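Geometric and topological summary
Next come the chains, spelled out residue by residue.
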Amino acid sequence: MPIRWLKCEEALRLLSDSKDGQASFFERFSLKIHLWVCKNCPICRNHLQFIQRLLKRLPASQAAGQEEKLSDAAKLRIKQKMEKNG
Amino acid sequence: MVDSTADWVERYGDILYRFALARCRTPEVAEDLVQETFLAGLRARQNFRDGSSLQTWLIGILKHKIIDHFRSRKWTISLDNAPEGHNADGEITRLLKLPLKEWNASPEKALENQAFRRALNQCLDSLPETWRELFLMREMDEMESAELCNIFKVSPTNLRVILYRARMQLRGCLEKNWFRN
């Protein structure tokens, strides 16, 4: 596939595809050229990178915040089941 | 190794629960998965090697339970009928028209803010359920595309579209509900 000028909609799609290793060499190169010239798409790329880093860290942050816990009833139920099966 | 079952639940129950809840987003399902994990761990405790981390071992079992849970779902993820709650296409159209601004934030710092975590969780919960689980397995656990296609019974092409739409919808939701303010 030749290198070509991308519309923003195509560039956004390739931004996503490239995160999953799904963009070809020529697509990635075309995307690079678009990002040099376009004002919005590089910002969107930064937003997506932010989200990717965010979600990787989310479980650990929730553990640190200790917002979610097993209810006492659930803990009791699980212990009883384990004793029955132990 | 900790032998007491009460110790297992007290020590690791919350950690496993949060791990499951982050991925399946439903408290009842997360509880069931934690229960299944402890029971499976109980049955397989002879396989656990002293000296390694019991928590890591249990989370390994939980990961398999989560995958089995998603695999057992009966629904088919389709792109033809846009699922309820999906507004990714509208979001992309808006994105193309408006000038964007940098968020000027670090993910790590943002996650220290409880209000931001609440906004993020609301945005995640607003994603169509059929996409959300697949998307979170990709982003949180870096699951490979081939495995995701296998578990969620989607084609590679559909997977790419789902991930794209989920990313765009989440981006738009965070911008509207947090960063724009």
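Preceding this paragraph is the structure being described.
Since this is a predicted model, take the numbers as computed values, not measurements.

1. Remarks on helix H8 (residues 145-152) of chain B
Residues and elements named next belong to chain B. Among the residues of H8, Ser145, Leu148, Cys149, Ile151 and Phe152 are the ones counted as buried. Buried positions along H8 lie against helix H3 (54-71), helix H7 (129-141) and helix H9 (156-179). One or two positions beyond H8, positive phi appears at Lys153, with a value near 55 degrees.

2. As for unusual backbone geometry
All names here are of chain B. Of note, the phi angle at Arg25 is positive, near 70 degrees, even though the residue is not glycine. Position of Arg25 among the secondary structure elements: in the loop between helix H1 (5-24) and helix H2 (27-43). Relative accessible area serves as the criterion here: at 14%, Arg25 is assigned to the buried category. We note that Lys153 has phi near 55 degrees; this positive angle belongs to a residue other than glycine. Its place among the elements puts Lys153 in the loop between H8 and H9. Taking relative accessible area as the criterion, Lys153 reaches 48% and is therefore assigned partly exposed.

Conventions adopted
- Along every chain, residues carry numbers that run from 1 in the direction the sequence is written.
- To label them, take the chains in the order written and letter them from A, then take the ligands in the order written and number them from 1.
- This being a predicted model, a pLDDT of at least 70 is required before a residue's local features are given, and a value of 80 or more before pairs of side-chain atoms are given or counted; all residues contribute to the totals for chains, interfaces and linings.
- Heavy atoms from the whole structure form the basis of all side-chain values; hydrogens and water molecules are not counted.
- Exposure categories follow from relative accessible area, calculated using a 1.4 Å probe and restricted to protein chains: below 20% of the type maximum is buried, above 50% is exposed, and the middle band is partly exposed.
- Each helix is a run of H or I in the DSSP string that is no shorter than four residues. Each strand is a run of E no shorter than two, and both are numbered from the N terminus.
- Throughout, a residue-residue contact means that at least one pair of heavy atoms, one from each residue, lies within 4.5 Å.

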